[in-house]
2 protein chains.
Amino acid sequence: MPSSGTQTYHHGDLRSALLDAATSRIEHQGIDGLSLRKLADDVGVSRSALYHHFRDKNALLNAVAANGFANWIAMTSESGGDETVPAQVRMKQFVYGYVHWAVEHPQLYDLMFGRPIWKNDLADDELKDVAYPAFQYMLSLITHWQQKGLLLADKPALRQTQVIWATLHGLAKLVTDGVYADSAHIDEMCDCAVLMLLPKK
Amino acid sequence: MPSSGTQTYHHGDLRSALLDAATSRIEHQGIDGLSLRKLADDVGVSRSALYHHFRDKNALLNAVAANGFANWIAMTSESGGDETVPAQVRMKQFVYGYVHWAVEHPQLYDLMFGRPIWKNDLADDELKDVAYPAFQYMLSLITHWQQKGLLLADKPALRQTQVIWATLHGLAKLVTDGVYADSAHIDEMCDCAVLMLLPKK
DNA sequence: CATTGAATTTGACACTGTCAAGATAAAGAT
DNA sequence: ATCTTTATCTTGACAGTGTCAAATTCAATG
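Residues numbered from 1 in each chain as written. Chains lettered and ligands numbered in written order. Predicted model: local features only at pLDDT ≥ 70, side-chain atom pairs only at ≥ 80, totals over all residues. Heavy atoms only, no water.

In the annotation of an unreviewed UniProt entry, the entry for chain A reads TetR family transcriptional regulator, and the organism field reads Alteromonas alba.

(A) Focus on the relation of the copies chain B and chain A. Between chain B and chain A, which share one sequence, the superposing operator has a rotation angle of 180° and an axial displacement of 0.0 Å; the RMSD is 0.0 Å. Viewed as a symmetry operation, the transformation between the two copies matches a two-fold axis. The residues that chain B uses at the interface reappear at the interface of chain A in 100% of cases, marking a shared surface. (Least-squares fit on C-alpha atoms with pLDDT ≥ 70 in both. Contact = heavy atoms within 4.5 Å.)

(B) Fine view of the interface of chain B and chain A. Facing the 44 residues of chain B at the interface are 44 residues of chain A. Each partner contributes to the roughly 4100 Å² buried at the junction of chain B and chain A, and carbon and sulfur atoms together form 64% of this total. Area buried by chain B at its contact with chain A is led by B:R115, B:Y180 and B:M196, which between them contribute 21% of it. Between A:E188 and B:R159 there is a salt bridge whose closest N-O contact spans 2.9 Å. Where chain B touches chain A, the interface holds 13 residue pairs in polar contact (both at pLDDT 80 or more). Residues of the side of chain B that touches chain A, tallied by class, amount to 23 nonpolar, 11 polar and 10 charged. (Buried area = accessible area lost by both parts, 1.4 Å probe. Salt bridge = Lys/Arg side-chain N within 4 Å of Asp/Glu carboxyl O. Polar contact = N/O pair within 3.5 Å; in protein donor to acceptor, adjacent residues only side chain to side chain. Nonpolar A, V, L, I, M, F, W, Y, C, P; charged D, E, K, R; others polar.)

(C) Spotlight on the UniProt feature "DNA-binding region" (unreviewed entry) in chain A. Residues given the UniProt feature "DNA-binding region" (unreviewed entry) here are residues 35-54 of chain A. From the first C-alpha to the last, residues 35-54 of chain A spans 15 Å; its make-up is 40% helix and 0% strand. (UniProt positions renumbered as here; feature names shortened; annotations may be inferred. Helix = DSSP H or I, 4+ residues; strand = E, 2+ residues; numbered from the N terminus.)

(D) The confidence of the model for chain A, seen in detail. All names here are of chain A. Considering every residue of chain A, the mean pLDDT works out to 91; 93% of them sit at 70 or more. Across chain A, element-level confidence peaks in helix α2 (residues 36-43) with a mean pLDDT of 97 and bottoms out in helix α6 (residues 115-118) with 87. In this model residues 1-6 is a low-confidence stretch, pLDDT under 50, and it forms 2 contacts with partners more than four residues away in sequence or in other chains. (pLDDT = per-residue confidence, 0-100.)

(E) Focus on the protein's contact with DNA strand C. Around DNA strand C, the structure places 24 residues, and the nearest of them are A:H11, A:S46, A:R47, A:H52 and B:R37. Here the atoms of DNA strand C within 4 Å of the protein split so that 48% fall in sugar or phosphate, with bases taking the remainder. B:R37 has a polar side-chain atom sitting 2.5 Å from a base nitrogen of DNA strand C. Here a phosphate oxygen of DNA strand C and a side-chain polar atom of B:Y51 are 2.8 Å apart. Per-element tally for the surface near DNA strand C: the top contributor is helix α2 (residues 36-43) of chain B, with 3 residues. (Near = heavy atom within 4 Å.)

Following this line, the structure appears as structure tokens:
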């Protein structure tokens, strides 16, 4: 059992070392900036050692995204789970939490919610197992708001979930992509979004 | 003056031929699926002929995006310009038009409003010259809705523009990326968005 | 100690964007 | 008409990429 630090032929835990290094590189250089060969250098291993732990580059990206979802769910259920504060406050906290997390992990967010994985049907089962519950959580949360009277019940919860999620997703993407919105106004934009999405006044 | 059809050494209008082929390839295979060498094959020219008309691959992408904006603006001012119908109907038309255009040109939309160009500061002047007016058009349109009483005036028009745009952008991206929304429900989602964004009821 | 089997490396291939140097053709000058 | 210039296109080359097959190294098991 080679303890960490010493460099043995068998790395010991190459899979998670690659995962960590890949996550770090993605967060700094972006998805397109991830080169498997440079990644191997980071970890101090040869270029094709990776293929004994991941089927190909996409499988590695899937695993990184899956880790991201686990992280995301932890953040999200934290900001939405406090039952002592009123639902409206929790909604605002959720919106803040969602957008800020995306802005703090723009590249990871891109990977998790971007086309390359979902539209091209490149998500493997492991990723789906962690991503779908995340989607369902949003639906249950917004259904809950609806039941509490925070949202009107004149439209299906699923549609309202999609619209609210779209707004959060759009805010996050406009800011992180630098399109007609900059990070100095995140909170103002979130406030405005909450005001506009809540019914009555 | 080589007429089109005959294959001469000097292509005649290689620049726009490359633009067309690139646009077509991007719309079918996506941005990452665009290879300059295959593109050259499409046009029947050698691999590096392109560099006499575009500084590099990014310049080509910029030009494709600029074309996209021109197209986008044409569509958009068409669906928003009819002064004979009431503002509320025009808003709905605008929402429909925006999302449908994005869904019909997903890859182009990605290129135009995505991070690779804007966040990485890879937009050249030609692109900015056509993109910024597009952004401003959205602002003026939504300011107009506000003045017509369609939106409340309790929040700055800029913020409301960003939120509404975020919602449209988010809807478009969720659908085109295949994340928890599919194209069969576009219109329902648009309807729901309009209902939720408009004040009162 | 021998053998099995997993982990890792090296060599190779096809592909990518990009540049320098050469080849070609059109336009302008005399 | 011929020469010169200039824009256009091609060929050769290089560094980089993901990925596979075959060879190597090591740990564990018999």
